[in-house]
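The lines below spell out each chain.
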Amino acid sequence: MPKHSTTSIASKFQNLKSHDQGALVAYLTGGDPKPKIFLNNVVALAEGGADIIEIGIPFSDPIADGPVIQSSSQRSLAHGTTPRIVLEECREISGIYPEIPLVILTYYNPVLAIGLDHFMRKARDSGVSGVVVPDLPVEESGDYRAAAFKNGVDTIFLTAPNTSETRLVKIIRNSTGFLYLVSLFGVTGPRDSLSELAVSSVKHVKNLSGRLPIAAGFGISRPEHVSALMKSGADGAIVGSALVRLVNENLGDPEETVEALKRKTMDLKAATRRNS
Amino acid sequence: MKDRGTKLGQRPVGKFGRFGGRYVPETLMEPLGQLEAAYHHYSHNLGFRKELRDLLAYYAGRPTPLYFASNLTRRLGGAKIYLKREDLLHGGAHKINNTLGQALLAKKMGKTRVIAETGAGQHGVATAMACAVLGLKAEVYMGSEDMERQRLNVYRMRMLGAKVHKVESGSKTLKDSINEALRDWVSNIDDTYYLIGSVVGPHPYPTMVRDFQCVIGREARRQVLTVEGRLPSAIVACVGGGSNAIGIFHPFLHDMEVELYGVEAAGKGIATGQHAASLVAGREGVLHGMYTYVLQDQNGQIETTDSISAGLDYSAVGPEHSHLMMTGRTKYAAVTDAEALDGFKLLSESEGIIPALEPSHAISYASKLVKRYGSKDSVIINLSGRGDKDVETVAKALDY
């Protein structure tokens, strides 16, 4: 049984907890809309207070994603973004912000195409702390976990509202860094309100997860969603589409994108402070 | 002789060698487990089996004939050519074998809403029919490009009471329709059944769809033994996702003297890169929940495909075909658009049967293959569908 070692992700959660805060995990699609602009956008997340930054390696067929992230993936691919380019960007970011853990989100086929061991080694060398692969359930993940473990990369698995208890235990046992709780039935994308499922799922999972931190994602777009998650006992909130949407909406104005991302991140981050 | 083909409901396994599996978002793991259990239960249930048998016989029109194509045989010289006439089924293609089976299962599972993807529209039409007759609501995802190319099938689906969702994402073809159907399913798992149209997707679909399509091969095996008194030398079928091929191959898998040939779409030619030959020109990877041969670039991005036949226009292939290729039991080849059109003409003019463009690939390949055999041998071509849907495309291509 792999122990939940104190990786940079785990110690980040611990550190935040000791300051009575949850983690804000902020997502952007790598290389989108263009490499140079992307780096400025990530800087905006960091300056806005993101605790962990999640970067997508775009895939042509993102079945877990809604229209917002689909369009950013397509746009990024159209500009010629490759896994190599995204990992290179990670290396730059981790150089500027060594205290912010980086997480890669991608689908299984690009990882397989690079080769499991090679991918994990490159990720680690680029300063990446953990990987999320939404179409890789724990049952199919033996070789993947072995490669990640060997290279000291966290395997962040997902759990859904309908995951059975037997499987949930298995998922928790094989997760390192944190557990990614899918808070609703559906794909990624901003929703107006937080689903009731999100709150009840966090409470349920919390009973079984022990020391493994839980971060909830999918549909989390507003500060009040984040604070409700924190109240329910989540250790972190993952926000993706609500940020990517700001990129989508300001394609002609990169400076406005940076401003909007920074403002949004600050608002979301403020909601992770429990005593605020 | 004893029928050694796969029986409906033989205990399913999720992998074919290293292929297959279940690579899906976590939310789908539970519904797939429920589907597997329900399928296992009902495929052993005598009532279910009788209901399906009756639907196949009296609604769909089974058994279909094994027709001796004497003119074609004379014209080509070599083995006797038999056609398994799936084109005579209700709806005009083998697709109904699977949609009746799955729609009946959906109903037994208490689902009220059925979603499906379709490329050429044949599976969409077959889904709409099965849902109409069984009283289920049908919604079909179809790429906007395919809707344009196959307008008649869009009308048919609507007339049958199905709702057609236009898919504008990605390449706007079959693979994107599957993506959208999966996204829909993740969002509506309580009342919705996802009715996949080929031997693709996460376990249990490749096994379940194969079992429903094996009726083709079980009949063909019985029929050829009756008329010929011996097994055929070869069987030829086209392969997109591969459901008609696996359906006719599977009951012959243990008959090692029967050669099995799957024919993929070489489009404008393999060398041009504009084709849909996943087995012949792809690499191993994961798409739509399965580990299989996939057309992809060096970074693992899925490539778009090209074929005159919308039904073969798919970037991956059923995982069992990948396994059969690895073991060497089945051989796979690819045939270009131009060659498929030759096959189309050949059968239309020599037998008065207009085939769909998909099996025209098999006809084209078989027209060369039969010459390698003697006149006492026989070769079966799976005529998986009729060509009404393709007359416009062919008229344009051949300048009628």
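What counts as what
- Position numbers for residues count from 1 along each chain, tracking the sequence in the order it is written.
- For this description, chains carry letters from A and ligands carry numbers from 1, given in the order in which they are written.
- Predicted model: local features are reported for residues with pLDDT of at least 70 only, side-chain atom pairs are reported and counted for 80 or more only, and whole-chain, interface and lining totals are derived from all residues.
- The basis for the side-chain values is all heavy atoms of the structure; hydrogens and waters are excluded.
- The numbering of helices and of strands both runs from the N terminus, where a helix is a DSSP run of H or I of at least 4 residues and a strand a run of E of at least 2.
- Radius of gyration here uses only the C-alpha atoms, and the compact-globule reference equals 2.2 Å multiplied by the residue count raised to the power 0.38.
- Exposure is judged per residue with a 1.4 Å probe applied to protein chains only, and the accessible area is read against the type maximum: over 50% gives exposed, under 20% gives buried, and values in between give partly exposed.
- Contact definition: two residues touch when any of their heavy atoms are within 4.5 Å.
- Note on areas: these come from Shrake-Rupley sampling with a 1.4 Å probe, and a residue is covered only by the protein chains present in the view.
- For the purpose of charge, His is not counted, nor are the chain termini; Lys and Arg are scored as positive and Asp and Glu as negative.
- We put the charge of a Lys on NZ, of an Arg on CZ, of an Asp on CG and of a Glu on CD.
- Joining two parts hides part of their accessible area as seen by a 1.4 Å probe, and the buried area is that hidden amount summed over both.
- Each salt bridge in this description consists of a side-chain nitrogen of Lys or Arg and a carboxyl oxygen of Asp or Glu lying within 4 Å of one another.
- By the criterion applied in these results, polar contacts are pairs of N or O atoms within 3.5 Å in which, for protein atoms, one can donate a hydrogen and the other can accept it, and in which residues neighboring in sequence qualify only through two side-chain atoms.
- With axes taken as lines fitted to C-alpha atoms, and helix axes fitted only over the stretch in contact, angles between N-to-C directions fall between 0 and 180 degrees.
- Angles are sorted into four bins: roughly parallel if under 35 degrees, roughly antiparallel if over 145, roughly perpendicular if 65 to 115, and oblique for all others.
- Take the far helix as the reference: if the near one is turned anticlockwise from it by less than a right angle, the crossing is left-handed, and if turned clockwise, right-handed.
- Classes in brief: Ala, Val, Leu, Ile, Met, Phe, Trp, Tyr, Cys and Pro nonpolar; Asp, Glu, Lys and Arg charged; the others, Gly included, polar.
- In this description, strands pair whenever DSSP reports at least two bridges between them.
- Patch membership is restricted to residues that have no salt bridge and whose relative accessible area is over 30%. Joining uses 9 Å for like charges and 5 Å for the nonpolar side chains Val, Leu, Ile, Met, Phe, Trp and Tyr.

## Comments concerning the overall build of chain B
From N to C terminus, chain B includes 16 helices and 14 strands. In terms of C-alpha radius of gyration, chain B reaches 19 Å, essentially the compact-globule figure of 21 Å for 400 residues. When its C-alpha atoms are laid out on the principal axes, chain B stretches across 55 × 45 × 40 Å. Residues counted as buried form 67% of the 400 residues belonging to chain B. Taking contacts inside chain B between residues at least 6 apart in sequence as the whole, the part at least 24 apart equals 75%. For chain B, the accessible surface area stands at approximately 13,700 Å², while carbon and sulfur atoms represent 52% of it. Charged side chains in chain B number 48 positive and 43 negative. The centres of these two groups are separated by 5 Å.

## Some details on the interface of chain B and chain A
Taken together, the 32 residues of chain B in the interface contact 36 residues of chain A. With both sides pooled, the region where chain B packs onto chain A buries about 2,700 Å², and carbon together with sulfur makes up 52% of that total. Our count for the chain B to chain A interface comes out at 3 salt bridges. Of the charged contacts in the structure, one is a salt bridge between A:D61 and B:K175, with a shortest N-O distance of 2.8 Å. The interface formed by chain B and chain A includes 18 residue pairs in polar contact (both at pLDDT 80 or more). Sorting the residues of the side of chain B that touches chain A by element identifies α1 (29–43), α8 (174–187) and β11 (283–287) of chain B as the ones contributing at least two each.

## As for the packing of helix α2 (residues 35–48) of chain A against helix α12 (residues 254–270) of chain A
Residue and element names in this part refer to chain A. Contact geometry of α2 with α12 gives a least axis separation of 7 Å together with a crossing angle of 25°. One finds that α2 runs roughly parallel with respect to α12. Between α2 and α12 the crossing geometry is right-handed. Contacts between α2 and α12 involve I37, N40, N41, A44, L45, E47 and G48 from the first element and P254, T257, V258, L261, K262, T265, M266 and K269 from the second. Here the residues of the contact of α2 with α12 are counted per class, giving 7 nonpolar, 5 polar and 3 charged.

## Considerations on the pattern of salt bridges
Note on pairing: side chains with opposite charge can pair once their charged atoms come close. In total, this model carries 40 salt bridges over all chains according to the counting rule given. The salt bridge partner of A:E140 is B:K15, with a shortest N-O separation of 2.8 Å. In this pair, A:E140 sits in the loop between β4 (128–132) and α7 (142–150) while B:K15 sits in strand β1 (residues 15–16), so the two residues belong to two different chains. When its relative accessible area of 15% is taken as the criterion, A:E140 is described as buried. A relative accessible area of 35% places B:K15 in the partly exposed class. Between B:R151 and B:E392 there is a salt bridge, and its shortest N-O distance comes to 3.9 Å.

## Some remarks on the sheet that holds strand β5 (residues 113–118) of chain B
Strand pairing within a sheet occurs via backbone hydrogen bonds; the two strands may be parallel or antiparallel. All names here are of chain B. Here we have 4 strands laid out as an open sheet, ordered β7-β6-β5-β8, and parallel in their pairing. This sheet does not close on itself; its edge strands, each paired only once, are β7 (163–167) and β8 (192–194). Across the sheet, the mean angle separating the axes of adjacent strands is 25° when strand polarity is ignored. Here β5 pairs with β8 via 3 bridges, running parallel. Residue pairing across strands places I115 opposite Y194, the latter belonging to β8.

## A short note on unusual backbone geometry
Cis geometry marks the peptide bond from B:R62 to B:P63, where omega comes out at -5°. Assignment of secondary structure puts B:P63 in the loop between α2 (46–60) and β3 (66–68). Cis geometry marks the peptide bond from B:H203 to B:P204; its omega dihedral reads 15°. Here B:P204 shows up in the loop between β8 and α9 (205–213). Look at A:F218: it is not a glycine, yet its phi comes out positive at around 80°. The backbone of B:H288 sits at a positive phi, close to 50°, despite the residue not being glycine.

## Regarding a nonpolar patch on the surface
All names here are of chain B. Taken together, the side chains of L152, Y155 and M159 define a hydrophobic patch exposed on the protein surface, amounting to about 370 Å² of accessible area. Its location among the elements puts L152 in helix α7 (residues 151–159). What makes L152 exposed here is its relative accessible area of 52%.

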